[in-house]
Amino acid sequence: MFRSRRRDVVFPQADHARLAATIALAWSERPPLPFASFVRGVADHDRGYGEHDADEIGSVETERWVGIQRRGFTPRGEDPVVDLVVALHVRRLLSSQDDEHGRAAYGEVDALLPSLHERAGVSAGDAARADAVTNVCDRVAFSFCFEQPDEGEARGLRYALDGRGGIELDPWPLDVPALGGLVTAFERDGYPDRLVPVVVPFTVSPACQLAHSRA
């Protein structure tokens, strides 16, 4: 889960992932996968954490974090495209292979991918195009949950966040003029045993001028 840098709320990984999927659902250049299954894969890309996780970003021990990722990439068999999208995301996370746990898990998910491609009927090239979209949506949603100004670039797309729900993207990748919605956070006090929801609005819009070029 994410602790807001601005106030006493937390964002579970599952709600972070649903924000990523909301952005993916509006993507204009759709990846060459069954689109509904792809979007569900983005929504489930951190499924190893469960619904209301208490594993805070930046403070989870490596062995436990790798175990969470294993739960994520293990195929569930309900939809092979979803399993593939999740496994590609997790392999990307594990690619740094920082220690023996990470190296072992990376080898496992890498060995699993050929069978997932086959079951999903998706080529490696098409899957890579889909994973590029997952990566962008994940990065934006990841930054959003800290509720602080941020900017960066992912796969050639620049993003800037104002820390209060505003997100700018350049070049504009969505098939709508702007995208708005809500993310669920929870009061930090008592979480996850005491769940008090906090509704957090967001707006994704084209960037007239990204934060890093403002003077």
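About the cut-offs
Residues numbered from 1 in each chain as written. Predicted model: local features only at pLDDT ≥ 70, side-chain atom pairs only at ≥ 80, totals over all residues. Heavy atoms only, no water. Pairing = 2+ DSSP bridges. Helix = DSSP H or I, 4+ residues; strand = E, 2+ residues; numbered from the N terminus. Contact = heavy atoms within 4.5 Å. Axes fitted to C-alpha atoms, helices over the stretch in contact; angles between N-to-C directions. Phe/Tyr/Trp six-rings, centres within 6.5 Å; stacked < 30°, edge-to-face > 60°. Buried < 20%, exposed > 50% of the residue type's maximum accessible area, 1.4 Å probe, protein only.

Caption draft 1: Main features of the sheet that holds strand β7 (residues 197-206). Pairing is mixed in the open sheet, where seven strands are placed in the order β1-β2-β6-β7-β5-β4-β3. Two strands bound the open sheet, and with one partner strand each, they are β1 (2-3) and β3 (150-154). Across five bridges, the pairing between β3 and strand β4 (residues 157-161) is antiparallel. What sits directly across from aspartate 150, in β4, is leucine 161. In the packing of helix α1 (residues 13-25) onto the sheet, contacts are made with β1, β2 (9-11), β6 (179-187) and β7, and the angle to β6 comes to roughly 180°.

Caption draft 2: Molecular detail of the packing of aromatic side chains. In this structure the tally under the stated criterion is seven aromatic pairs. With 5.4 Å between their ring centres and 70° between their planes, phenylalanine 2 and phenylalanine 146 make a pair best called edge-to-face. Highlighted residues: phenylalanine 2 in strand β1 and phenylalanine 146 in the loop between α6 (124-144) and β3, separated in sequence by 144 residues. Phenylalanine 2 sits in the buried class, given a relative accessible area of 0%. Given a relative accessible area of 9%, phenylalanine 146 falls into the buried group. Taking the centre distance of 5.4 Å and the plane angle of 70° together, the rings of phenylalanine 142 and phenylalanine 146 count as edge-to-face.

Caption draft 3: Representation of the pairing of strand β5 (residues 166-170). Bridging between β4 and β5 involves four bridges; their strand directions are antiparallel. By the bridge assignment, alanine 160 is partnered in β5 with glutamate 168. Linking β4 back to β5 in an antiparallel pair, the connection comprises four residues, with glycine 163 at a positive phi of about 85°. Bridge analysis of β5 against β7 gives four bridges, and the strand direction is parallel. Within β7, the position partnered with leucine 169 by the bridge is proline 206.

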